[in-house]
Amino acid sequence: SLLRALKNDSYYSSAWMRYIFSDPTAENVAGERTMKPKYYNSIYFLLLITAVINSGLTLAAETNYEKARWHPIHFKPAIDKATNEQCLECHQEVVERKVRKESPAGVKASEVMAWYQTLDTYSGEQETFHRRHLTTPLANELMNLQCNTCHQGNDPREEAIIPPDHSNQNFTLRKGVNPKICLMCHGRTGYEQMGLPSPWTTSASIFQNNCLLCHVSIRTNRHRVNFLKADAIEKAGKNNSDVCYGCHGGRQWYRIAFPYPRNEWPGMSSVTPEWAKERPTQSEARFKTNNAGSGK
C-alpha cells in the first residue's frame, strides 16, 4: 500500500523527492548550519520502504505452499536421505508444541496419567506424540528415530479429498504412515509363540520378571536396526524388564503382534517352528545397520 501511494499520489511522490534531494546542511534563521528535520524523515521513510519490500519478498518466498508441497524432499528417492534438520526447517512445530495444561473439560494434565506413563520407564510430565519419539529422555536414551523412519512421503495426487468422499476409498490420508512401522513397537506381546502360559502381565512373576532369563540365549541378534540404540537397550533391559515390555506389549496400540524377522543367532535351531515359516529372515533393507546379519 505504501508503494502504491508513492506511485499514484502526486503529493507523496513529490514530497518523497523533496526529502531525497533536500540540503542536509541548510542554514537556519540564525545563520547556523543545521540539518533540516525533513532529512531525518526521508531516512526513516526510506528505511521503512526498504523493510516493507524486503519483508514482502521474504513472505512471498516463505509462503509458497504449493512449491513446498511439491518439493523433491517429499518424494522418493530424496526423502530417504532427508535429515531431521531438513524436515524441521519447515515442521519445527512438531517438537515445540506442548500438551495442554488442562483439557477443555477442566481435567488437569498433572492430575491424571496418560497411557504411555503407566510404565516406570517413562519419567516426566505428559508430552506430545512427536516429542515422545524424538526429544524425551527415554527417546534419547534408547531410540534413534528419524523423521523419515515413519514418514516416507506422499503424492498429493493420491491424497484423500477434504471433506472426504466415503464412496471413494482409493485415496490415502495426507501424511499417511504405514501402520507396520508403528506396529513394530506398539503391538501386543506374542506370548503364544514365546511359549508363555499367559500374557506377560500375569506370567512375568514365573520368570522372575526378567525377560533375559530366557533371552540371554534366545534370539540374541536383536534390535540391530538403525532407528534403535541396540547396546543401550540391552543395558537398560538388564536393569528393568519394563524397558523390554514397553515396546513388546506395554504400550500396545494394536490387537496383533508384529511378525519380527528371525535373524539368525548363535545356537539357533535348524528347525523352523510352524508359526515362523513365513517370517522374513532379515530386517527391511532401509532399516539395516552396517553390522552384518543385524536385525530386530
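Refer to the structure presented above.
Anyway, here's the lowdown on the structure attached to this text. Just so you know, these numbers come straight off a predicted model, no measurement behind them.

Procedures and definitions
- Residues numbered from 1 in each chain as written.
- Predicted model: local features only at pLDDT ≥ 70, side-chain atom pairs only at ≥ 80, totals over all residues.
- Heavy atoms only, no water.
- Helix = DSSP H or I, 4+ residues; strand = E, 2+ residues; numbered from the N terminus.
- Buried < 20%, exposed > 50% of the residue type's maximum accessible area, 1.4 Å probe, protein only.
- Contact = heavy atoms within 4.5 Å.
- Areas by Shrake-Rupley, 256 points an atom, 1.4 Å probe, with all protein chains shown as cover.
- Core = buried A, V, L, I, M, F, W, Y, C linked by side-chain atoms within 4.5 Å.

1. Remarks on the overall build of the protein
Link 1 in the chain: The secondary structure content of the protein amounts to 15 helices and zero strands.
Link 2 in the chain: Looking at the protein residue by residue over its 296 residues, the buried ones come to 31%.
Link 3 in the chain: Within the protein, contacts between residues separated by at least 24 positions form 60% of all contacts whose residues are at least 6 apart in sequence.
Link 4 in the chain: On the protein, roughly 20,400 Å² of surface is accessible, and the fraction owed to carbon and sulfur atoms is 57%.

2. Focus on the nonpolar core
The tendency in soluble globular proteins is for nonpolar side chains to be buried as a group.
Link 1 in the chain: With 18 residues, the main nonpolar core has Leu142, Met184, Phe227 and Phe287 as its most contacted residues.
Link 2 in the chain: If you list the elements that add at least two residues to this core, you get helix H8 (137-142), helix H10 (179-186) and helix H14 (230-239).
Link 3 in the chain: A total of four residues in this core trace back to one element, the largest contributor, which is H10.
Link 4 in the chain: Excluding its chain neighbours within four sequence positions, the residues that come into contact with Leu142 are Leu228, Lys229, Ala232, Ile233, Ala236 and Val243.
Link 5 in the chain: Listed in part, the eight residues of the second largest apolar core include Leu119, Trp200, Cys244 and Tyr245.

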